[in-house]
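# Examination of the molecular architecture
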Amino acid sequence: MNLRRLHKNSRSKLFQGISFSLLMAALPAAVMAAPQSGLTLEGAECAAGSDAERQTCRNQQLSRKLAALHGGQASGSAAASGPAVIANYTETAQLGDADSWKTDEFMQDWGLEAMNAHHAYARGLTGSGIRIGLFDSGVGLEHSEFAGKNHQGLKIGDRLADGSHCAPDQYVWDENACFGTDGGRGGLEILYVDESVRDIVEIEVPEMLPAVGKAIISWETHGSHVAGTMAANRDGSGMHGVAFGADFNSARLFGDTFLILDRDCVFEELCRSSHATPGASGSAFQHMYQQMNASGARAINHSWGFGHDTGTIEHHDYYYQREELLDRWAAIREGSLEKGLIQVWAAGNTSSRPSPDLAPGAGAYASLPRHFPELEKYWLSVVNVQPGRNADSSYVLNRQSMKCGLSMEWCLAAPGTLVNSAIYEQDEYLVDAEVTDQALLLTGLENYTPVFGYEEFTGTSMAAPHVTGALALLFERYPYLTNAQVRDVLLTTATDLGAPGVDDVYGWGMVDLKKAIEGYGMFRVDTEVNMVAKAGGTHWWNDARVWDVWTNDISDYKHNATFTFSSPFADAWLRMSGNNSFYGLNVKGGILELTGANTLGSDVLVNGGMLLNNGVINNAVQV
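Residues numbered from 1 in each chain as written. Predicted model: local features only at pLDDT ≥ 70, side-chain atom pairs only at ≥ 80, totals over all residues. Heavy atoms only, no water.

## A word on the state of the cysteines
We apply this condition: Pairs of cysteine sulfur atoms within 2.5 Å are what we label disulfides. In this text, helices come from DSSP runs of H or I with a minimum length of four residues, and strands from runs of E with a minimum of two, each type numbered from the N-terminal end. With a 1.4 Å probe rolled over the protein chains alone, any residue whose accessible area is under 20% of its type maximum counts as buried; one over 50% counts as exposed, and the rest are partly exposed.
One pass over the full model with this rule turns up three disulfides. Across the disulfide from Cys166 sits Cys178; the S-S distance is 1.9 Å. Across the S-S bond of Cys166 and Cys178 the torsion is about -130°, and the bridge reads as left-handed. Note that Cys166 is positioned in the loop between strand 4 (155-157) and strand 5 (171-172) and Cys178 in the loop between strand 5 and strand 6 (180-182), a separation of twelve residues in sequence. A relative accessible area of 6% means that Cys166 is categorised as buried. In this model Cys404 forms its disulfide with Cys411; the gap between the sulfur atoms is 2.1 Å. With the S-S dihedral at roughly -75°, the linkage between Cys404 and Cys411 falls on the left-handed side. Residue classification places Cys404 among the buried positions, given a relative accessible area of 0%.

## Overview of the sheet that holds strand 5
Heads up, the condition is: Pairing between strands is defined by DSSP: at least two bridges between the two strands are required.
Spatial ordering of the open sheet is given by 5-19-18-8-7-10, a layout of six strands whose pairing is mixed. Strands at the two margins of the open sheet, each flanked by one partner only, are strand 5 and strand 10 (257-261). The sheet contact formed by strand 18 (residues 429-435) and strand 19 (residues 439-442) spans three bridges and is antiparallel. Opposite Val435, over in strand 19, you have Leu440 as the bridge partner.

## Topic: the confidence of the model for the protein
To keep things clear, this is the line we draw: Residue-level confidence of the predictor is summarised by pLDDT, bounded by 0 at the bottom and 100 at the top. Residue contacts are defined here by distance: any two heavy atoms, one from each residue, within 4.5 Å place the two residues in contact.
Looking at the protein as a whole, its pLDDT mean stands at 86, while 84% of the residues score no less than 70. Of the regions scoring below 50 in pLDDT, residues 9-47 engages in 85 contacts with residues more than four places distant in sequence or in other chains.

## Describing helix 10 (residues 313-320)
Rules: Directions from the helix axis toward the C-beta atoms define the arc.
Those residues of helix 10 that fall on the buried side of the exposure criterion are His315, His316, Tyr319 and Tyr320. Looking straight down helix 10, one finds its buried side chains confined to an arc of 135°; they lie on one side.

## Re unusual backbone geometry
The phi dihedral of Lys558 falls on the positive side, at around 50°, and the residue is not glycine. Along the chain, Lys558 falls in the loop between strand 24 (555-556) and strand 25 (562-566). Its identity as a non-glycine residue notwithstanding, Asn560 has a phi of 50°, on the positive side. The residue Asn560 is located in the loop between strand 24 and strand 25 in this model.

Next comes the structure, spelled out in structure tokens:
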């Protein structure tokens with residue numbers, strides 16, 4: 001099944017065709033030693049100088065681009081960082097002062113300010129103690145942005161007849177081929193130049209003679225970029241992630257891409273390549289979810305989808321009914337239901353269209369609760385927005401983003417345009433390798449350390465990890481809420497965009513962490529909160545009891561929802577200080593305090609615990 005990463009900065013592939021002339025045209029002009037400068041993304045303006053100078057130049061380019069988006073002038077940019085750990089970093093930002101968190105490093109991802117992440121940081125929230133995950137193209141865990149943390153690369157594979165799983169990184173093209181990957185490194189693009197074509201290389205491209213008998217490799221960078229947006233370090237250098245204190249698990253969906261360039265491939269178009277290697281089966285998906293759930297991951301990011309998906313009911317149902325995908329759908333469903341894992345999906349990218357209303361709807365993965373309604377409370381679909389043309393305008397759907405469509409009830413908008421994050425630099429390396437009748441064996445990869453850097457990408461792939469990182473902050477903020485309840489906090493506190501209310505372009509709207517740290521915005525469904533832990537982060541009160549304060553005005557969302565408060569602790573305390581207008585209120589345990597003006601849809605029921613009214617309740621209270 002054709003899958004794709006959902007961003008619009010796809011790397012130019014080394015191996016697109018099988019004719020020798022096309023292959024030669026796609027390769028670097030000179031491969032004389034490893035490492036060599038290869039397919040860089042930077043323009044000529046930043047092509048010269050040291051690594052640090054080039055990175056500073058790229059940061060300045062990004063600042064100018066972001067200033068143009070906002071209609072302002074570029075501010076200073078952060079200095080570059082290399083792969084070494086940044087030592088002796090001292091945080092200068094202050095708790096209680098949101099603006100103090102807007103450092104140069106913070107400003108390298110404009111999405112942080114757009115989502116009001118600095119307000120969460122000022123409350124002491126970083127994602128510390130929270131584990132999240134991503135299923136992508138693998139993460140370069142040696143990047144400095146991931147140093148010093150307990151990030152894990154998961155090894156997953158198809159299940160074999162004996163119950164074991166295929167090992168990662170095996171390049172086999174006979175009947176023994178099976179899927180296996182290591183999420184702790186980016187996927188590889190590999191071209192092995194066989195000795196049998198030495199004479200052709202010597203005549204056609206003599207500068208490539210050092211590559212004969214070796215493999216030319218480069219690293220896939222998509223997963224590293226996604227992981228950086230989620231959880232890159234805040235260390236005074238480069239950029240940092242939304243939940244810079246969180247840990248993550250990385251699993252790799254996309255296997256390495258390889259091609260054996262020998263005489264059969266050149267003259268007969270009989271090429272041994274990754275096209276003979278199967279993709280992940282349902283058992284590999286199951287293997288991934290087992291490890292994610294066992295490790296305690298609470299949300300997983302998916303910045304990928306089908307290569308062609310129109311976002312219609314007919315197209316979705318076509319995929320949901322495909323026999324070869326039934327095991328995959330079952331694994332995804334079971335992986336969520338086992339422990340309530342939240343699944344965050346990029347809505348998908350499309351060709352440019354004249355207006356947001358004309359964009360196709362979100363893809364089949366992002367819309368899966370249509371097929372499995374029981375998954376709805378664990379699902380999020382994410383579209384890509386950017387600042388409007390005018391400095392005072394709101395955020396608008398990127399011209400190449402799908403809209404929420406059929407996923408609108410669980411859909412959010414998030415920054416996904418010109419997002420700066422961690423990458424592998426796009427260099428090519430020569431690695432010792434060996435070819436047998438059945439397999440390609442890389443024997444020198446362990447001796448090569450890739451070069452890391454930063455780049456801005458655009459796509460729903462970049463929007464989704466902003467949401468996954470935001471969830472990590474809220475998991476820390478609300479340790480007494482379930483994963484599904486935290487998801488509802490994020491949905492119901494979003495800033496409305498487009499048509500009033502939940503709509504098929506922007507769903508619930510733009511993520512707003514300033515509001516999300518102050519409790520629910522609405523109750524979407526009947527909601528029971530069992531207060532078993534004190535709120536996370538730093539607060540203005542000093543009390544050892546289990547308690548929290550919600551300041552938002554809370555309504556409900558067309559469901560006549562009832563809020564029930566309980567706790568196993570008699571002195572557990574929740575203060576609701578907003579002016580609330582949801583339907584029903586029950587108190588079953590602990591202490592619930594109301595300090596605002598409350599006009600509910602029914603009588604208040606106290607059946608255990610205590611209700612303190614230090615505001616106004618325009619309803620009867622039944623005890």
